[in-house]
Amino acid sequence: MSLVSMDVLLREARGQGYAVGAFTVWGLASIQAVIAAAEELNQPVILQNGPLELNWAGARPLALLMRDAAQHAKIPAAVHLDHGNNLELVKRCMELGYTSVMLDASHLPFDRNVAAMREVVQAAHAGGVAVEGELGRIGGEEAGMNVNEGDAHLTDPEEAAEYVKQTGVDALAVGIGTVHGFYKSRPNIRLDLLKRIAEKVSIPLVLHGGSGTPDEIVREAISLGIAKINICTELVAAYNDTMVRQQTDEDFRYHVPGIFTKPRTAAAELVKKKIRLFAGL
Ligand code: 13P
């Protein structure tokens, strides 16, 4: 049995100076790709999804697939709800056996964000489930909502310390200039701000919008306290671009292993590349 709490993975990661990859999965092939890659490198991993994937695939089947894969994996694996957008979804995922949850209340004013998170933390911790909170707002598309650049804002270090103290969250997602999806222009990632946040907040920090973030910035961010890095767009792209490329090949088009094997392998290669970077291998 290798299903573990994300909390345990992340505390160890921050303590030891590496990060655990959290990969968005939407069904069997993506789950297999992530677990196979992590097993090959003998590294822990986090399977996660948010409202978009849960609405598309259904929470129950996804939870069953992810938990089964994690339980039978040769490496420690956690099952996480990313960007939960309401309390009902968070509670549903807890019932379905997610080992950690995120409620994204980052669009709310500080006091209401804190109040919402306190409620989640109380319910989650009572059931042994860990919680990720977000302070600051990450640009790009999140949980089906488009956060344009004007609405994105960076995390304030003092507020972050107060937020962690008042909510009791186990991990904190920070806004330091990364965006969800591929960058449309050169990113301005504020490592100076991350350093100030990390000086005030000792719990594991989470970097959203991992896709397209330059490797040297990722390495530096990990050395400053980032312990979880979310990857979605690059994984979907690796899978789907491979699928599209083989569409003209008659041998592949109407044959299940033919259609899905190469995209799954491409997704696993991408996951391996990211895990090596995050673990400093
Ligand atoms: P990317 O799509 O940029 O990899 O971001 C994923 C993410 O942060 C999910 O919460």
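Look above for the structure.
This is a predicted model, so every value here is computed, not measured. (Residues numbered from 1 in each chain as written. Predicted model: local features only at pLDDT ≥ 70, side-chain atom pairs only at ≥ 80, totals over all residues. Heavy atoms only, no water.)

**Examining the overall build of the protein**
Our working rule: We count a stretch as a helix when DSSP gives it H or I for four or more residues in a row; a strand needs E for two or more, and each element gets its number in order from the N terminus. Radius of gyration here uses only the C-alpha atoms, and the compact-globule reference equals 2.2 Å multiplied by the residue count raised to the power 0.38. Using a 1.4 Å probe on the protein chains alone, a residue whose accessible area is under 20% of its type maximum counts as buried, one over 50% counts as exposed, and one in between counts as partly exposed. Contacts are assigned to residue pairs with any non-hydrogen atoms lying within 4.5 Å of each other. Calculation of accessible area relied on Shrake-Rupley with a 1.4 Å probe; when residues are assessed, cover is drawn exclusively from the protein chains displayed. Charge counting treats Lys and Arg as positive and Asp and Glu as negative, with His and both chain ends excluded. Charge positions are represented by NZ for Lys, CZ for Arg, CG for Asp and CD for Glu.
A tally of helices and strands in the protein yields 12 helices and 10 strands. The C-alpha atoms of the protein give a radius of gyration of 18 Å, which matches the 19 Å a tight globule of 281 residues would have. Projected onto the principal axes, the alpha-carbon positions of the protein cover approximately 60 × 40 × 35 Å. The burial tally for the protein puts 57% of its 281 residues in the buried class. Across the protein, the fraction of contacts at a sequence separation of at least 24, relative to all contacts at a separation of at least 6, is 70%. Only carbon and sulfur atoms are counted for the fraction: they give 51% of the accessible area of the protein, which is about 12,500 Å². Both charge centroids of the protein, one from 27 positive and one from 34 negative side chains, sit 3 Å from each other.

**Describing the environment of leucine 270**
If you trace the backbone, leucine 270 turns up in helix 12 (residues 256-279). Once the C-alpha coordinates of leucine 270 and valine 79 are considered, the two residues, 191 residues apart in sequence, prove to be 20 Å apart. With residues up to four places along the chain from it excluded, the contact list for leucine 270 reads Ile231, Glu234, Leu235 and Ala238.

**Regarding helix 10 (residues 233-245)**
Applicable threshold: One less than the residue count of a helix, multiplied by 1.5 Å, gives the span that helix is expected to have.
With 13 residues, helix 10 should cover 18 Å at 1.5 Å per step; its first-to-last C-alpha distance of 18 Å lies within 8% of that length. Every buried residue belonging to helix 10 is among Glu234, Leu235, Ala237, Ala238, Tyr239, Thr242 and Met243, and all of these are buried. Contacts made by the buried residues of helix 10 are with strand 1 (20-24), helix 2 (28-41), strand 10 (226-231) and helix 12.

**Considerations on the packing of aromatic side chains**
Note the cut-off: Two aromatic rings from Phe, Tyr or Trp, using only the six-membered ring of Trp, form a pair when their centres are within 6.5 Å; if the ring planes differ by under 30 degrees the pair is stacked, by over 60 it is edge-to-face, and anything between is tilted.
Inspection of every chain in the model, using the stated rule, returns two aromatic pairs. A centroid spacing of 5.5 Å and a plane angle of 80 degrees characterise the contact between tryptophan 26 and tyrosine 239, whose relative ring orientation is edge-to-face. Here tryptophan 26 is found in the loop between strand 1 and helix 2, whereas its partner tyrosine 239 is found in helix 10, with 213 residues between them in sequence. The class of tryptophan 26 is buried, set by a relative accessible area of 18%.

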